[in-house]
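Okay, here's what each chain looks like letter by letter:
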Amino acid sequence: MASSVQLDLVWLRIQILGCLNTSKICQSTVALALLALILVPVIASFLFRDKGSGVPVVNPLRLFQLETQKRVEFIRDGIDLLRVGRRRFPGKPFLLLTNLGSITILPPGRAKEVKSLPEALSYRKKFNDLFPFFYPAGFGPLAIIDHPSELLQKVVTKHLTKRLNTVTGALAVESSFAASKALGEQTDWFEVPVYQTILDMVARVSSRVFLGSELCRDENWLDLTKNFTVAMHRGELTLRLFPRLVRPFVYLLDGSCRKSRQAYYRAYKIVEPLLTQRRKERQDRAARAEGVAYNDAIEWAEMEAAGASYDATDLQLILSFAGIHTTSDLLSTTMLQLAADPENIRTLRREMMEVLPAKGWKKTSLTQLKLLDSAIKEAQRVKPVQMITMLRKATADTELEGGIVIRKGDLVSVDSSDFHNPALYKNPEAYNMHRFADMRSQPGGEHRAQLVSTVPEHLAFGYGKNACPGRFFAANEIKMALCHLLMKYDWELAPGTTLEPVWFGTDPIVNPQAKLLCRRRKEEFDLDALEADDGIE
Ligand code: HEM
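Parameters at a glance
- Residues numbered from 1 in each chain as written.
- Predicted model: local features only at pLDDT ≥ 70, side-chain atom pairs only at ≥ 80, totals over all residues.
- Heavy atoms only, no water.
- Helix = DSSP H or I, 4+ residues; strand = E, 2+ residues; numbered from the N terminus.
- Polar contact = N/O pair within 3.5 Å; in protein donor to acceptor, adjacent residues only side chain to side chain.
- Salt bridge = Lys/Arg side-chain N within 4 Å of Asp/Glu carboxyl O.
- Buried < 20%, exposed > 50% of the residue type's maximum accessible area, 1.4 Å probe, protein only.
- pLDDT = per-residue confidence, 0-100.
- Contact = heavy atoms within 4.5 Å.
- UniProt positions renumbered as here; feature names shortened; annotations may be inferred.
- Patch = residues over 30% accessible without salt bridge, like charges linked within 9 Å, V, L, I, M, F, W, Y side chains within 5 Å.
- Areas by Shrake-Rupley, 256 points an atom, 1.4 Å probe, with all protein chains shown as cover.
- Phe/Tyr/Trp six-rings, centres within 6.5 Å; stacked < 30°, edge-to-face > 60°.
- Lys NZ or Arg CZ within 6 Å of the ring centre and 35° of its normal.
- Pairing = 2+ DSSP bridges.
- Axes fitted to C-alpha atoms, helices over the stretch in contact; angles between N-to-C directions.
- Expected span 1.5 Å × (residues − 1).

A.B. asks: Quick question: what am I supposed to make of the side chain of Thr-98 here?
C.D. replies: Inspection of the secondary structure assignment puts Thr-98 in strand E1 (residues 94-98). Separated by 2.7 Å, the side chain of Thr-98 and the backbone oxygen of Gly-101 make a polar contact.

A.B. asks: Quick question: what am I supposed to make of the pattern of salt bridges here?
C.D. replies: Side chains that differ in sign of charge can pair as their charged atoms come close. Considering all chains together, one arrives at 45 salt bridges under this definition. One salt bridge in this structure joins Lys-479 and Asp-373, with 2.8 Å as the shortest N-O distance. Within this pair, whereas Lys-479 is found in helix H19 (residues 471-488), its partner Asp-373 is found in helix H16 (residues 370-382), the two being separated by 106 residues in sequence. For Asp-373, a relative accessible area of 5% translates into the label buried. Via salt bridges that share partners, Glu-214, Arg-278, Arg-282, Asp-296 and Glu-299 belong to a single interconnected network.

A.B. asks: Can you walk me through the confidence of the model for the protein chain in this structure?
C.D. replies: Low-pLDDT stretches of the model should not have their predicted coordinates read in fine detail. In the predicted model, the protein chain carries a mean pLDDT of 90, and 89% of its residues have values of at least 70. Every residue in residues 2-26 is under pLDDT 50, and counting partners more than four places away or in other chains gives 86 contacts. Counted against residues more than four places away or in other chains, residues 41-46, with its pLDDT under 50, gives eight contacts.

A.B. asks: Before we go on, may I ask you to explain the UniProt feature "binding site: heme" (unreviewed entry) in the protein chain in this structure?
C.D. replies: Listed under "binding site: heme" (unreviewed entry) in the UniProt record, and renumbered for this structure, are Cys-468. Turning to its location among the elements, Cys-468 is positioned in the loop between helix H18 (445-448) and H19. Among the residues examined, Cys-468 registers a relative accessible area of 18% and is labelled buried.

A.B. asks: So what exactly am I meant to see when it comes to a nonpolar patch on the surface here?
C.D. replies: Taken together, the side chains of Phe-133, Phe-134 and Leu-245 present a nonpolar region at the surface, about 420 Å² in accessible area. Residue placement: Leu-245 occurs in the loop between helix H9 (219-239) and helix H10 (247-253). Under the relative-accessibility criterion, Leu-245 is labelled exposed at 59%.

A.B. asks: How should I be thinking about the packing of aromatic side chains in this particular structure?
C.D. replies: How two aromatic rings sit relative to each other is set out by the distance from centre to centre and by the angle between their planes. As enumerated under the stated definition, the model contains eleven aromatic pairs in all. When the centroid spacing of 6.1 Å and the interplanar angle of 35° are considered together, the rings of Tyr-264 and Tyr-268 count as tilted. You can see Tyr-264 and its partner Tyr-268 sitting in helix H11 (residues 255-287), four residues apart, about one turn around the helix. Through pairs of rings, three or more aromatic residues link up here, namely Phe-131, Tyr-135, Phe-139 and Tyr-251. The ring of Tyr-294 has Arg-278 lying over it, and the distance from NZ or CZ to the ring centre is 3.7 Å. The cationic tip of Lys-377 hangs over the ring face of Phe-436; the distance from NZ or CZ to the ring centre is 5.4 Å.

A.B. asks: What exactly am I supposed to notice about the sheet that holds E1 here?
C.D. replies: The pairing of strands in a sheet happens through backbone hydrogen bonds and is either parallel or antiparallel. Here we have five strands laid out as an open sheet, ordered E1-E2-E8-E5-E3, and mixed in their pairing. Bordering the open sheet on either side are E1 and strand E3 (121-122), each of which pairs with just one other strand. Summarising the sheet, strand E5 (residues 388-394) and strand E8 (residues 411-415) pair through four bridges and their orientation is antiparallel. Note on E8: the bridge partner recorded for Lys-393 is Leu-411. Contacting E1, strand E2 (101-106), E5 and E8, helix H3 (residues 67-88) crosses the sheet at an angle of about 160° to E1.

A.B. asks: Any chance you could explain helix H14 (residues 342-359) here in plain terms?
C.D. replies: Because the α-helix completes a turn every 3.6 residues, residues three or four places apart line up on one side. Its 18 residues give H14 an end-to-end C-alpha distance of 26 Å, which sits within 8% of 26 Å, the value for a rise of 1.5 Å per residue. Residues Asn-344, Ile-345, Thr-347, Leu-348, Arg-349, Glu-351, Met-352, Val-355 and Leu-356 constitute the buried set of H14. Of the surrounding secondary structure, the elements contacted by the buried residues of H14 are helix H13 (312-339), helix H15 (363-368), H16, H19 and strand E9 (489-493). Just downstream of H14 lies Gly-360, where phi reads positive at about 75°.

Structure (structure tokens):
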């Protein structure tokens, strides 16, 4: 779940950037903002008070500056402020006042230290402070992240990841359908918006595995799964302008919170009937001593919950939140890099032709697409989704190396500038599709240079206990989608499109305006006729 807030913020960022640009803020938010003007200076002086940590602040509050201004300033200028911090305090920690409050930024290389303190510096606790008493409708998915049952994490690690070989067939079918639905059969060049097209594909394919075949083609659900994240994050952004005790009232009054609530209720109306039907089928099957009939996250959550009550709608929404925009950003980034040099595409096709007709759609054949793996990882290195990672909240006053104390409740994160460190990567700004494949052939490289490897110098999926458990699925989903996209279509950058991301704070995201030229080609082998692993009915 990926500076600002982790899990998935990509789509939110796009929306908020739009919001900041066009001043499309709803009236109730304006009213609340006025109230904030009165309350916020007091809160700001509390939140950003000097707690004597001794860490220098890069962007202190100016005289009469409000916390709200600081937050907006960070969303706009975050990456420049981070660069100032790196320049002024090389190799040393510094403090940034961000849209989430103040964050101590540790220099690259301190990821191991953060990893070694998973309880004192908690990944999950940063999600549990939004409301004082309980998480109301529309924000419940956030509460699931730090739920003591760890239902979300168990569904992903114990089921999704372990059963990847049983969902490959389903991924193949849905990827083919999604590509054809998004791009059609036109053999003349035409223009496609990259992010929207990829988001649509990823939403379809992910929903197949999260929710099953009944709902993965339901346009109402697909709309929700793509847009809920935006609604909830706009609400969260507004709520965080207020003290915790006031937030329940803000929740009732604010328009963005209302949208999140409405999205939850729409989702509930879709998920609950499916759940009821599944539970009934389960009982009937048990009565006939028959085994489990489904292989998707609805079923896995039921197995894990083992009768304990939980909100299946929130679970589905948090899966969308965690997985869909993060995966879409990486796939879009990879497509942009590949389209910039179609020779790379031809090379990747040759690898696909060598592996897939012989092996079919298997988890293991996806593993053998090593150059493809490298192409994706390199795209992620050149443009990750965040430039500060491993955001953690101190659960107690915690002393770090060098005597810095992170006070209870404060945030700490690690600078990810190693992605572009010339001492680690030759020509770090250049996209070299072979880079990680070459590293894998070096001694010790096989386990450090795979897309799913988590190492302290490559933090795109985090590191340690909370490293993204969904990365194995995301990797397979992206590879499968690329096989369809590259074998069945030719690609080029559309005129005017560059690879420059758009910045939200310290997070680079795919430019939502980026476009590609595309045309249907005749694939060398029939991808849809390949034999597949399957476990989904
Ligand atoms: C390219 C796609 C993805 C990226 C870049 C990504 C990135 C991340 C990052 C950076 C973290 C935090 C790690 C840390 O701070 O140490 C994280 C956590 C998490 N991710 Fe992902 N993620 C992706 C896809 C997915 C998918 C598809 C799922 C679910 C199916 C998922 C589920 C989760 C969960 C549940 C956590 C929280 C782990 C915990 O609570 O311990 N992610 N992800």
